[in-house]
Amino acid sequence: MKKNLILCIALLSVFALLLTGCGSKAEPEKPAASEETIPYGEVPPLGLQDYSLSASTWSSPNGATIHLTATSWGYAEGRSASFVVLLGEEEIANEPCTWDGSVWTASVELNAADGLSYKVRMAEDGGNTATIPLAAEEIYVNLASSLESYCNVMVEASEFQDGKLTITSGTLQIQLPRITNDGEAITVSKAQLILTHNGGEIASMDFLNLPAGEDGLHTQALPELEFEIPELENDEQVILMLNVTLSNGQTLTDTGSTFFYNDGELLTAVG
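Numbering of residues starts from 1 in every chain and runs along the sequence as written. This being a predicted model, a pLDDT of at least 70 is required before a residue's local features are given, and a value of 80 or more before pairs of side-chain atoms are given or counted; all residues contribute to the totals for chains, interfaces and linings. Water and hydrogen atoms play no part in the side-chain values, which are based on all heavy atoms of the structure.

**Q** Any chance you could break down the overall build of the chain for me, citing the residues and the numbers?
**A** Per the convention used, a helix needs a DSSP run of H or I reaching at least four residues, while a strand needs a run of E reaching at least two, with both numbered from the N terminus. The secondary structure content of the chain amounts to 3 helices and 17 strands. In what follows, residue pairs with any heavy atoms lying within 4.5 Å of each other are defined as contacts. Excluding contacts between residues fewer than 6 apart, the proportion of contacts in the chain whose partners are at least 24 apart in sequence is 61%. Per-residue and other accessible areas were derived by the Shrake-Rupley procedure at a 1.4 Å probe size, with only the shown protein chains allowed to occlude residues. Carbon and sulfur atoms make up 50% of the accessible area of the chain, which totals about 16700 Å².

**Q** Help me get a handle on the packing of aromatic side chains, residues and values and all.
**A** Between 30 and 60 degrees the pair is tilted, below 30 it is stacked and above 60 it is edge-to-face, where a pair is any two Phe, Tyr or Trp rings, Trp via its six-membered ring, whose centres lie within 6.5 Å. For the structure shown, the criterion picks out 5 aromatic pairs. Relative to tryptophan 99, the ring of tyrosine 75 lies with its centre 4.9 Å away and its plane at 10°, an arrangement referred to as stacked. Residue tyrosine 75 is located in the loop between strand E2 (63–72) and strand E3 (80–87), and its partner tryptophan 99 is located in strand E5 (residues 98–99); the two are separated by 24 residues in the primary sequence. Seen from their ring centres, tyrosine 75 and tryptophan 104 are 5.9 Å apart, and the 55° between their planes marks the pair as tilted. On the criterion of sequence distance, the pair formed by tyrosine 75 in the loop between E2 and E3 and tryptophan 104 in strand E6 (residues 104–111) is long-range, its members being 29 residues apart.

**Q** So what's going on with the sheet that holds strand E11 (residues 188–197)? Residues and values would help.
**A** Any two strands with at least two DSSP bridges between them are considered paired. Spatial ordering of the open sheet is given by E12-E11-E15-E16-E17, a layout of 5 strands whose pairing is antiparallel. Each of the sheet's edge strands pairs with one partner strand only, and the pair in question is strand E12 (200–207) and strand E17 (265–268). Direction aside, the axes of adjacent strands within the sheet are offset by 25° on average. In this analysis, axes come from line fits to C-alpha atoms, helices being fitted only over the stretch in contact, and the angle between any two N-to-C directions falls in the range 0 to 180 degrees.

**Q** Which residues make up unusual backbone geometry, and what values go with them?
**A** Positive phi, close to 55°, is recorded for aspartate 162, a residue that is not glycine. Residues other than glycine seldom take positive phi values, yet aspartate 235 does so here, at roughly 75°. Position of aspartate 235 relative to the elements: it lies in the loop between strand E14 (225–228) and strand E15 (237–246).

**Q** With reference to specific residues and values, describe the nonpolar core.
**A** When a protein is soluble and globular, its nonpolar side chains tend to lie buried together. The criterion is simple. A nonpolar core is a set of buried Ala, Val, Leu, Ile, Met, Phe, Trp, Tyr and Cys residues joined through side-chain atoms within 4.5 Å. Here the term buried applies to any residue with accessible area under 20% of the maximum for its type, exposed to any over 50%, and partly exposed to those in between, with areas from a 1.4 Å probe on protein chains only. Core analysis: the biggest nonpolar cluster contains 29 residues, and Ile66, Phe83, Leu110, Tyr118 and Leu134 have the highest contact counts within it. For this core, the elements supplying multiple residues, two or more each, are strand E1 (48–57), E2, E3, E6, strand E7 (116–123), strand E8 (129–134), helix H2 (138–141) and helix H3 (143–147). Apart from residues no more than four positions distant in its own chain, leucine 134 is found in contact with Leu48, Tyr51, Leu53, Leu68, Phe83, Tyr118, Lys119 and Val120. Among the nonpolar cores identified, the runner-up in size contains 28 residues, and Leu165, Phe207, Leu222 and Phe259 belong to it.

**Q** Before we move on, can you summarise the sheet that holds E7 with the specific residues and values?
**A** Sheet architecture is open: 4 strands sit in the order E4-E3-E7-E8, paired in antiparallel fashion. The sheet is open, and its two borders are formed by strand E4 (90–96) and E8, each paired with just one other strand. Ignoring which end each strand starts from, the neighbouring axes of this sheet average 25° apart. Looking at chain direction, E3 and E4 are connected through 6 bridges and run antiparallel.

**Q** Describe in detail the environment of serine 72, supporting the description with residues and values.
**A** Mapped onto the secondary structure, serine 72 falls in strand E2. By relative accessible area, serine 72 is classed as buried at 4%. For the pair serine 72 and tyrosine 51, spaced 21 residues apart in sequence, the C-alpha to C-alpha distance is 8.6 Å. Contacts of serine 72, omitting those with residues within four sequence positions, involve Gly47, Leu48, Gln49, Trp99, Trp104 and Met122.

Structure below.
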């Protein structure tokens, strides 16, 4: 009888342990949410992963064609995109983009201006829209300045004695265009100072390998220059000019200083 009681207690204990184990079974941990999960289910959100701008120049510096290539998070039927350009607060271009199966592309022809900004405007059939500002380089923001090229020769001090004009201080500057086709490098092929009298050349001097500074600006201090001046009558003039030829064939000219003769003196014309 005693053995049966002990066996019964043991069986009850095992049964109790089994019940306890079943009731305390831990629930499996939920998987951590993926950071790459698209909140719109399988439909990619409106927006851009990446984009780039490039430019094609015209035959004149009056403007350029700006090209957009943009990669979105994906494509869904009924989606569209447009390339928007603003000048200040005014929208001056709104060009529909073309989807080529992998990227959006568009091109806009813009007259030269400074203070431009660029956006991509996206939309879908359901009415959702998104406007993405583009962080454009300064050359595209200030298009007019980036297309501009010029040259200057500035005479800061000069002397005239014994029929000789001496330039004692001056500066020569050449600004190259910063926007070119396909990033083509434009260089100075030739820079020449020319002193003229009555339309004819008195003397000339070539400048080569001018030091290049930032943003395509070449600057050089003039060395002391001495010119033999022919015999002049009162009010006759001599003109110091700078002629520049660029590697793309473009020519630049600046009439730096005009000197007029009066009673034995060669004076710099002002204004």
